[in-house]
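What follows is the residue order along each chain.
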Amino acid sequence: MSFSNAIRPHLPYLRRYARILTGSQASGDAYVRACLEAVLANPQGFDRDQSPKIALYQLFHATWDSSGGADPASSLDRRLSEITPLHRQVMLLTSVEGFSVEDAATIMRISTAQAESALLSAQKELEQGLATSVLIIEDEPIIALDLATVVERLGHRVCDTARTRAEAVQKAAEHRPGLVLADIQLADNSSGIDAVRDILSGQDVPVIFITAYPERLLTGERPEPTYLITKPFMPETVAATISQALFFAAEPAEAS
């Protein structure tokens, strides 16, 4: 199998990972482009002894460990460790991207013991995170309940739920939540993306989208969500993504 065919299925998910790491679609996609440019310039940098997915993520990290950023004239000149600390990188690799701790260690070129220690630090940080109010936009009651359970276990409060675009906009204006979790397809066939666009026209709030087809929103060809959770989801994925979204919400505007 050719290199391009081997990595193609994994690129949308690398885009998701890069966006979560940087807190921005533009920055995340720029990091992925730089990674691909690096492998085109030096094909030997791609470790063919690893699975294509692990090798691709490993190259992504290696590119930024060595270069520090794609564009020294922009905010991208900071290393990944300065944008998202190592322990958060391990958490996102395992909880969002589904790698084992051993695979995460391979990707980051650290020992398994270091990865396990980093993951423990990330879990402690989750438990100590600042609480906020959360609006859940979801038309399936069971899924909404599952999300509410995760949110509350993290110490946050569900201020309300909404099943349609109109309800979502109304309840966001009423409660002004600190975080929004939004499904893509809503009860009346309206769009969660449109609902969020309406909400963001009136307030600045981090948003995490939930969809069964994340690759459709990870092309890099148009304005797209920064934070995506794939259905069906694991509680750990929701927790890690919420933590990262709130991490950047508390950062200066240049990181978002």
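Residues numbered from 1 in each chain as written. Predicted model: local features only at pLDDT ≥ 70, side-chain atom pairs only at ≥ 80, totals over all residues. Heavy atoms only, no water.

- The name an unreviewed UniProt entry gives the chain is Response regulator, with Glycocaulis abyssi as the organism.

Some words on the UniProt feature "modified residue: 4-aspartylphosphate" (unreviewed entry) in the chain
For step 1, the next point in the chain: The positions that UniProt labels "modified residue: 4-aspartylphosphate" (unreviewed entry) are, in the present scheme, D183.
For step 2, the next point in the chain: Its location among the elements puts D183 in strand 3 (residues 179–183).
For step 3, the next point in the chain: Beyond its immediate stretch of four places on either side in the chain, D183 contacts I137, E138, D139, G192, I210 and K231. (UniProt positions renumbered as here; feature names shortened; annotations may be inferred. Helix = DSSP H or I, 4+ residues; strand = E, 2+ residues; numbered from the N terminus. Contact = heavy atoms within 4.5 Å.)

Considering the side chain of T84
For step 1, the next point in the chain: Secondary-structure assignment places T84 in the loop between helix 5 (80–83) and helix 6 (86–95).
For step 2, the next point in the chain: A polar side-chain atom of T84 sits 2.4 Å from the main-chain carbonyl oxygen of L21.
For step 3, the next point in the chain: Within the structure, the side chain of T84 is placed 2.9 Å from the side chain of Q244, a separation counted as a polar contact. (Polar contact = N/O pair within 3.5 Å; in protein donor to acceptor, adjacent residues only side chain to side chain.)

Description of unusual backbone geometry
What is expected of a backbone is that most residues other than glycine have negative phi and most peptide bonds are trans.
For step 1, the next point in the chain: Each neighbour pair has its own omega, and for K231 with P232 the value is -10°, a cis peptide bond.
For step 2, the next point in the chain: Residue R109 is not a glycine yet carries a positive backbone phi of 60°.
For step 3, the next point in the chain: The topology assignment puts R109 in the loop between helix 7 (101–108) and helix 8 (112–127).
For step 4, the next point in the chain: We classify R109 as exposed; its relative accessible area is 56%.
For step 5, the next point in the chain: One non-glycine residue with positive phi stands out, namely R176, at about 45°.
For step 6, the next point in the chain: Inspection of the secondary structure assignment puts R176 in the loop between helix 10 (165–175) and strand 3. (Buried < 20%, exposed > 50% of the residue type's maximum accessible area, 1.4 Å probe, protein only.)

Focus: the pattern of salt bridges
For step 1, the next point in the chain: Counting across every chain of the model gives nine salt bridges.
For step 2, the next point in the chain: K171 serves as the salt-bridge partner of D160, at 3.5 Å between the closest nitrogen and oxygen. With D160 in strand 2 (residues 157–162) and K171 in helix 10, this pair connects stretches of sequence that are eleven residues apart.
For step 3, the next point in the chain: Judged by its relative accessible area of 19%, K171 is buried.
For step 4, the next point in the chain: K231 is paired through a salt bridge with D183; the nearest N and O atoms lie 3.1 Å apart. In this pair, K231 sits in the loop between strand 5 (227–230) and helix 12 (235–249) while D183 sits in strand 3, placing the two residues 48 residues apart along the sequence.
For step 5, the next point in the chain: K231 gets classed as buried once you look at its relative accessible area, which sits at 18%.
For step 6, the next point in the chain: Ionic contacts of the salt-bridge type, sharing partners, join the residues R165, D194, R197 and D198 into one network. (Salt bridge = Lys/Arg side-chain N within 4 Å of Asp/Glu carboxyl O.)

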